[in-house]
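Below are the chains, spelled out letter by letter.
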Amino acid sequence: VVLSMVALSVECFAMGFVAGSKRKVYSKEFMQQFEDEHQRAHPGQKFEDGYPDNGNGWYSRKLPYADWFAMACGQRAHYNFIES
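Heads up: these notes are all about the structure in this document. Sequence order as written defines the numbering, with residues in each chain counted from 1. Whole-chain, interface and lining totals are the exception, using all residues; otherwise, since this is a predicted model, local features are given only for residues with pLDDT of at least 70 and side-chain atom pairs are given and counted only at 80 or more. Excluding hydrogens and water, the side-chain figures rest on all heavy atoms present in the structure.

Ring pairs are drawn from Phe, Tyr and Trp, using the six-membered ring of Trp, whenever the two centres fall within 6.5 Å, and their geometry is named by plane angle: stacked under 30 degrees, edge-to-face over 60, tilted for the rest. Inspection of the entire model under this criterion finds six aromatic pairs. Between Phe30 and Phe34, the aromatic rings sit 5.7 Å apart at their centres with planes inclined by 65°, giving edge-to-face as the arrangement. Look at Phe30 and you get buried, because its relative accessible area is 13%. Put simply, the rings of Tyr26, Phe30, Phe34 and Tyr59 touch in pairs and so form one group of aromatic residues. Burial classes: relative accessible area under 20% of the type maximum marks a residue as buried, over 50% as exposed, and values in between as partly exposed (1.4 Å probe, protein chains only).

As structure tokens, then:
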């Protein structure tokens, strides 16, 4: 039982890295297009990596379909473990 728990924990942790492709999709270059808008709404507040967007939010609406699809699949795989 303990070995199974450890194996599932490691697999869930590894899926987090798959979902971590978010950093590639929400690169600094991509996020620059939102900087002025973000600073007007939240002066002085830092934003990076597209948070809190999980693939279906404000920043994702500007993603190319292939990038959105890859990130959404990674997010879904990771959340399948968390929700189970």
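Attention now moves to helix α5 (residues 65-83). Helix and strand labels come from DSSP, where a helix needs a run of H or I of at least four residues and a strand needs a run of E of at least two; each type is numbered from the N terminus. Helix span, expected: 1.5 Å multiplied by one less than the number of residues in the helix. With 19 residues, α5 ought to run about 27 Å at 1.5 Å a step, and its terminal C-alpha atoms sit 26 Å apart, in line with that. Taken together, the buried positions of α5 are occupied by Met71, Gly74, Gln75 and His78. In a view along the axis of α5, the buried residues occupy a sector of 95°, so they form one face of it. The exposed set on the far side of α5, more than 90 degrees from its buried face, consists of Tyr65, Ala66 and Glu83. Note: the arc covers the axis-to-C-beta directions of the helix.

Next up on the list: a nonpolar patch on the surface. On the surface, a nonpolar cluster with roughly 270 Å² of combined accessible area is contributed by Val2, Val6 and Val10. Along the chain, the position of Val2 falls in helix α1 (residues 2-19). Val2 sits in the exposed class, given a relative accessible area of 60%. What goes into a patch is any residue over 30% in relative accessible area without a salt bridge, connected to like charges within 9 Å or, for nonpolar side chains (Val, Leu, Ile, Met, Phe, Trp, Tyr), within 5 Å. Computed with the Shrake-Rupley method and a 1.4 Å probe, the accessible areas treat only the protein chains shown as cover for residues. Here, a salt bridge means any side-chain nitrogen of Lys or Arg that lies within 4 Å of a carboxyl oxygen of Asp or Glu.

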